[in-house]
Amino acid sequence: MTGPLRTVPAGPTATPTRVLEGDRVTRVAWLPGSDRLLGECSCGARAEGGDPIGMWQWLLAHPDHPTQVAEPDAGAAAVHVPPPHRVARPEQAAGPRTPLR
Amino acid sequence: MTSIVRNQWYVAAYGREIGREVFGRTICGESILFWRREDGTATAMSDRCVHRRFPLSEKPSHLVGDTVVCGYHGFTYDADGKCVAVPGQTRVPRTARLKSYPVVEQDSFVWVFIGDDDRSDTVPIPRAPWLDQEGYTTVSGMEPLAARASLLVDNLMDLSHETYLHGGYIGTPEVANTPITTEVDEDAQVVYVSRHMDDADCPPFYAKSTGIEGRIVRWQDIEFHPPCLYLLHSRVAPVGVLPNEDGTDPGGFHVEVVYAITPETEHSTHDFWAVARDFALEDEGVSDFLRESNRTVVLQDVVALDALERVLAGEPDGYQELSINIDTGGLAARRIIAAQAAAGAEQVPESPAALAR
């Protein structure tokens, strides 16, 4: 078991239960009432995280699961200015074409 | 590298589309001719005459018994693709043969194997039994999509888009607001995404078809068999009505929504859709309503995905995406498909011209 685990609250009666029954089933549950994900590997290892990409990376590292799930925005010292969307072809251009005068 | 996964079975057509007329459709970039033998068996072969490449699905090409006759110069092929007659001479060149394809009819679909034929027996065909099963009534169709297949996979694996793109049809606020659970069976290569809503608005799609008034329990359980067969097990019932502990569910309305996602080319897709229900089985009005409603929803996706394809086709590779919790299932599907594509690519033959040398 890695990372701090919260107690998962009992859900309503309709909360999805485990469905797939193979030997190598991984599971990611979105914890009700939060933005957090709980990942469970087929080996029994479990971890909580806040980003699906980080969670899949953690699960797919089996059997060498890292100690923690990579968190979104981790290591981002500052919010970068997003790049412009570059249009390569005229048909990609949004909006009416401005006529030349 | 190609994005099309080879060495897989794909849905090429509904069984009702294939008959005693030549029928052409491009599957995974390969032009394929389909027709039925006189005993009703479906057959598939390359849709280009070996002589001058005339499409055999193009009139005046036609069937004569269990052969197809090219409408240009009369080259004639049997049901296995072997040329059995050419005009004006008795000797048929030994190389006059069309590629034939393994074909299986199952669950109302005609499946064709794309890849190394020798491997077709080792690759399972996923099932959608409700489409051809007593106790269910099905409506279905197919819409051409001018977008790569992966965009439809992304679309269907994350149903939160229903709230925004399909509001007034199948989308309600609860869909986007309800957390999902995702499971992946690495051996069976199945992705399962569950979204269970305990107390939700009933969208018109279900209100008008089931007659339920008021709020509902709405379960969406996606079972995706990459790369191509998508099953949505949908259950609706009045709020508080759940299945019995023994699994019986007399109070629930069940709709099996099936999509077969078949690449036509790298940048276009056949979007087969079907809706099977276990209620109002004989009610033509419900069938008409569900057929029209689901087609409308599919066309809303088509418009959106065609626009997205145009944008992506004009972008350089490497634009950054952003994924959040709703994408957990879609990311799993992408990973499996990428692995399947890499495995299939190892088997890709050289171009036909190279093979002929």
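Residues numbered from 1 in each chain as written. Chains lettered and ligands numbered in written order. Predicted model: local features only at pLDDT ≥ 70, side-chain atom pairs only at ≥ 80, totals over all residues. Heavy atoms only, no water.

Student: Can you lay out the sheet that holds strand β8 (residues 83-85) of chain B for me, pointing to particular residues and giving the numbers?
Tutor: Residue and element names in this part refer to chain B. Spatial ordering of the open sheet is given by β5-β6-β7-β8, a layout of 4 strands whose pairing is antiparallel. Single-partner strands in this sheet number two, and they are β5 (62-64) and β8. Ignoring strand direction, the axes of neighbouring strands in this sheet form an average angle of 40°. The sheet contact formed by strand β6 (residues 67-69) and strand β7 (residues 76-78) spans 3 bridges and is antiparallel. Counterpart to V69 in the pairing with β7 is T76. (Pairing = 2+ DSSP bridges. Helix = DSSP H or I, 4+ residues; strand = E, 2+ residues; numbered from the N terminus. Axes fitted to C-alpha atoms, helices over the stretch in contact; angles between N-to-C directions.)

Student: Pulling in residues and values, what's your account of the nonpolar core?
Tutor: In terms of nonpolar packing, the biggest core is built from 94 residues, with B:F34, B:F109, B:M157, B:F224, B:Y230, B:V258 and B:I261 touching the most fellow members. Not counting residues up to four positions away in its chain, the partners in contact with B:F109 are B:V11, B:A13, B:Y14, B:G15, B:V104, B:L131, B:L229, B:V258 and B:A260. (Core = buried A, V, L, I, M, F, W, Y, C linked by side-chain atoms within 4.5 Å. Buried < 20%, exposed > 50% of the residue type's maximum accessible area, 1.4 Å probe, protein only. Contact = heavy atoms within 4.5 Å.)

Student: Could you give an account of the interface of chain A and chain B, naming the residues involved and the relevant values?
Tutor: Taken together, the contact between chain A and chain B spans 33 residues of the former and 30 residues of the latter. Summed over both sides, the interface of chain A with chain B buries roughly 2800 Å², with 57% coming from carbon and sulfur. Looking at the side of chain A facing chain B, the largest losses of area belong to A:R24, A:W30 and A:W56, adding up to 24% of the total buried there. Between chain A and chain B we count 2 salt bridges in total. Between B:E183 and A:R27 there is a salt bridge, with its nearest N and O atoms 2.7 Å apart. If you look at where chain A meets chain B, you find 10 residue pairs in polar contact (both at pLDDT 80 or more). The set of elements that each furnish at least two residues to the side of chain A that touches chain B consists of β1 (25-30) and α1 (52-60) of chain A. Here the side of chain A that touches chain B gets 6 residues from one element, more than from any other, and that element is β1(A). A class-by-class count of the residues in the side of chain A that touches chain B yields 17 nonpolar, 8 polar and 8 charged. Alignment of β1(A) against strand β13 (residues 181-185) of chain B, held across 5 bridges, turns out to be antiparallel. Residue pairing for β13(B): A:V28 is matched across the bridge by B:T182. (Buried area = accessible area lost by both parts, 1.4 Å probe. Salt bridge = Lys/Arg side-chain N within 4 Å of Asp/Glu carboxyl O. Polar contact = N/O pair within 3.5 Å; in protein donor to acceptor, adjacent residues only side chain to side chain. Nonpolar A, V, L, I, M, F, W, Y, C, P; charged D, E, K, R; others polar.)

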